[in-house]
Amino acid sequence: MLTFALENSQMKKRYTEEQIIAVLREAERSGGEIRAVVRKHNISEQTFYRWRAKYGGMEVSDARKLKGLETENAKLKKLLAEQLLVIEGLKDFNRGE
């Protein structure tokens, strides 16, 4: 039981785009007190700077659009990979292998 409690406290939390943008705005309002903001939200400075590079200056609607485009891009990449495998299989079949 104690092990389970320790595992749960160390699990990574997933932040939504809205939460990430809220943290970034809070850091902007704090006037450079990034360490206090990351400590308050229990994230690393590296995570904060990664978020800022990706979501800095975005509105929530922009972040949602970005997420949708990333999802669509992943689906297209998967579809392309599957089609390339089919093409390779047909080439092998035509060669008589």
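Our subject is the structure that appears above.
Residues numbered from 1 in each chain as written. Predicted model: local features only at pLDDT ≥ 70, side-chain atom pairs only at ≥ 80, totals over all residues. Heavy atoms only, no water.

Enquirer: How do you make sense of unusual backbone geometry when you look at a structure like this?
Expert: With glycine set apart, most residues show a phi of negative sign, and most peptide bonds adopt trans. One non-glycine residue, asparagine 42, lies in positive phi territory at about 55 degrees. For asparagine 42, the location among the structural elements is in the loop between helix 3 (34-40) and helix 4 (45-55). (Helix = DSSP H or I, 4+ residues; strand = E, 2+ residues; numbered from the N terminus.)

Enquirer: I'm lost on the environment of isoleucine 21 in this one. Help?
Expert: Position of isoleucine 21 among the secondary structure elements: in helix 2 (residues 17-29). What makes isoleucine 21 buried here is its relative accessible area of 3%. In sequence terms isoleucine 21 and glycine 57 are 36 residues apart; their C-alpha atoms lie 8.6 Å from each other. Residues in contact with isoleucine 21, not counting those within four places in the same chain, are Tyr55, Met58, Glu59, Val60 and Ala63. (Buried < 20%, exposed > 50% of the residue type's maximum accessible area, 1.4 Å probe, protein only. Contact = heavy atoms within 4.5 Å.)

Enquirer: Explain the nonpolar core here, please?
Expert: Among soluble globular proteins, nonpolar side chains are generally buried collectively. Ranked by internal contacts, the top residues of the largest apolar core, which has 14 residues, are Val23, Leu24, Ile43, Phe48, Trp51 and Tyr55. Every element with two or more residues in this core is listed here: helix 2, helix 3 and helix 4. (Core = buried A, V, L, I, M, F, W, Y, C linked by side-chain atoms within 4.5 Å.)

Enquirer: Quick question: what am I supposed to make of the packing of helix 2 against helix 4 here?
Expert: Each pair of packed helices can be described by the angle between their axes along with the distance between the axes. Two elements in contact, helix 2 and helix 4, have axes separated by 10 Å at closest approach and are oriented at 105 degrees. Here helix 2 is positioned roughly perpendicular relative to helix 4, judged by the angle of their axes. For the pair formed by helix 2 and helix 4, the contact residues are Glu17, Ile20, Ile21, Val23, Leu24 and Ala27 on the first element and Phe48, Trp51, Arg52 and Tyr55 on the second. Residues that form the contact of helix 2 with helix 4 fall into these classes: eight nonpolar, no polar and two charged. (Axes fitted to C-alpha atoms, helices over the stretch in contact; angles between N-to-C directions. Parallel < 35°, antiparallel > 145°, perpendicular 65-115°, else oblique. Nonpolar A, V, L, I, M, F, W, Y, C, P; charged D, E, K, R; others polar.)

No statement about biological role is implied by the geometric values presented.
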